[in-house]
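Tertiary structure, described
Below, each chain spelled out in residue letters.
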Amino acid sequence: MSTDDTASRDFRTLLHSLRVWDGVPLPPLDPESAPDSPLPLFRTWLREAAEAGQTEPHTMTLATADAEGRPSVRILTLHDADEDGWHFGTHSTSRKGRELAARPDAALGFYWPAQGRQVRIEGQVRSGTPEAATADLHARSTGALAAALTGRMSEVLSSTAELRSDSEASWARAQADPTLTAPTWTLYALAATEVEFFQGDARRQHVRLRYRRDGERWVRDLLWP
């Protein structure tokens, strides 16, 4: 057996040995008692994930596509969730910023293994005002402001030395003047047209509750797992 074959076999063995929700007490999801709209349930689930010890429960996957439909995905943090949508920030000049400008349809995914829960959100993304972006940036840490001031997200980096130099300069600027703004920093909101809540079950009788936007109201469906 070749080295490549052995490595592949060992990797498959590793995958098969891994367990999902091993020993984790999974909470129920009663569709009959679910709220009429998805936002209250989402807020409850995120709070419960944090209380259950889930690491970084506010991190999420954002999926976008370019003008030709080629998808890309990355992890970022949720800044807010309200009646206007699920909010996040990035540079308009970054890859995701450019893709959202060309094709505003996007999807978010949250996974909280501490409770065997997932939330999937689809909709269109809208950019907020410059004032909202500035307020968002100033509500965050000095490091976040420093990173935004660098403002070269997704560009080709020549070396780690260049990164250190620019980062240290931006940190100095952010510490000297916390009121600085980054012109390309943008606050986005995904206005959901579909939200699905997935509650895992040890016997694989998972509960999938989907909310679909129908005009001004939400329609609820149960989906087969």
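Everything numeric in this text was worked out from a predicted model, so none of it was measured. (Residues numbered from 1 in each chain as written. Predicted model: local features only at pLDDT ≥ 70, side-chain atom pairs only at ≥ 80, totals over all residues. Heavy atoms only, no water.)

**Concerning the pattern of salt bridges**
A side chain of one charge can pair with a side chain of the opposite charge when the charged atoms of the two come close. Tallied over the entire structure, the rule returns 16 salt bridges. As a salt-bridge pair, R70 and D66 come within 3.0 Å of each other at their nearest N and O atoms. By relative accessible area, which is 12% here, D66 ends up buried. A salt bridge links R152 to E162; its shortest N-O distance comes to 3.2 Å. (Salt bridge = Lys/Arg side-chain N within 4 Å of Asp/Glu carboxyl O. Buried < 20%, exposed > 50% of the residue type's maximum accessible area, 1.4 Å probe, protein only.)

**Describing the layout of surface pockets**
Approximately 290 Å³ is the volume found for the largest pocket. What lines the largest pocket is a set of 16 residues, among which T150, R152, M153, L157 and L163 lie closest to the centre. Of all elements in the fold, only α5 (142–150) and α6 (160–176) reach the threshold of two or more residues within the lining of the largest pocket. The leading source of residues in the lining of the largest pocket is α6, at five residues. (1 Å grid on protein atoms, 1.4 Å probe; cavity = no way out; pocket = protein on both sides within 12 Å on 5 of 7 lines; lining within 4 Å. Points joined across faces, edges and corners; volume = space filled by probe spheres on them. Helix = DSSP H or I, 4+ residues; strand = E, 2+ residues; numbered from the N terminus.)

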